[in-house]
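Each chain, written out:
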Amino acid sequence: NDPVAMRRMGFERQENEDYDVAFEYYTKAAGLGNVDAHFDLSLLYNEGKGVGKDKKKELHHLEEAAIAGHTFARHNLACYEGINGRHERAAKHWIINAKLGDQKSMEGLKEGYPDGLVSKEDFAAALRAYQAALDATKSPQRDKAAEYEIFKSTSG
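Since we're looking at a predicted model, the values are computed, not measured.

(A) Focus on the nonpolar core. Core analysis: the largest hydrophobic core is formed by 12 residues, namely M6, Y19, A22, F23, Y26, A29, A30, A37, L41, L44, Y45 and V51. Listed by contribution, the elements that provide at least two residues to this core are helix 2 (19-31) and helix 3 (35-47). Take this core: its biggest share by element is 6 residues, from helix 2. Residues in contact with A30, not counting those within four places in the same chain, are A37, H38 and L41.

Shown next, in the form of structure tokens:
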């Protein structure tokens, strides 16, 4: 009954293109509250792998993951809303994500701003919150880790 282990097993099965078994593991993990498994299920429903394509179920799992803070899921929801002409809802999703430091969502807002899809005030607030989120992730330890990774990749 370990949702993280079940999600990991689902991922391994998916990597081996055993989508039926991956779907079973993801379903169990999502039922136990694993946010990543909800996102993974949304992708399977979108692609019709291991399960029939089902837009309603895809959106259900995207929403479950987004509500729990999964930024990729919320970004995908924003794209879905935008494609379907619900630009205000798309902007709201992107604003929430931008405030969490999600670059793709900030880019979505930047693209929509000239077209009036987001107000000047909302865009400015999202940009400030986005920058604050990025600043909050900066630390000397992260800088050292990044330097170490660059050193490792160049030293063979």
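(B) Spatial organisation of the pattern of salt bridges. One pass over the full model with this rule turns up 9 salt bridges. The closest approach of N and O atoms between K49 and E47, which form a salt bridge, is 3.7 Å. For E47, a relative accessible area of 37% corresponds to the partly exposed category. Several salt bridges converge on common partners, so that one network encompasses E81, R86 and R89.

(C) View of the packing of aromatic side chains. All told, the structure shown has 3 aromatic pairs when counted by the stated rule. With 5.7 Å between their ring centres and 90° between their planes, F23 and Y45 make a pair best called edge-to-face. On the criterion of sequence distance, the pair formed by F23 in helix 2 and Y45 in helix 3 is long-range, its members being 22 residues apart. Note on accessibility: F23 and Y45 belong to one class, buried. An angle of 45° between the planes, with centres 6.3 Å apart, marks the rings of F39 and F72 as tilted. Of this pair, F39 sits in helix 3 while F72 sits in helix 5 (residues 71-83), and the two are 33 residues apart along the sequence. What makes F39 buried here is its relative accessible area of 10%. Residue F72 is classed as exposed on the basis of its relative accessible area, which comes to 52%. One residue, K28, lies across the ring of Y25, its end atom 5.9 Å from the ring centre.

Rules of the game
- Residues numbered from 1 in each chain as written.
- Predicted model: local features only at pLDDT ≥ 70, side-chain atom pairs only at ≥ 80, totals over all residues.
- Heavy atoms only, no water.
- Core = buried A, V, L, I, M, F, W, Y, C linked by side-chain atoms within 4.5 Å.
- Buried < 20%, exposed > 50% of the residue type's maximum accessible area, 1.4 Å probe, protein only.
- Helix = DSSP H or I, 4+ residues; strand = E, 2+ residues; numbered from the N terminus.
- Contact = heavy atoms within 4.5 Å.
- Salt bridge = Lys/Arg side-chain N within 4 Å of Asp/Glu carboxyl O.
- Phe/Tyr/Trp six-rings, centres within 6.5 Å; stacked < 30°, edge-to-face > 60°.
- Lys NZ or Arg CZ within 6 Å of the ring centre and 35° of its normal.

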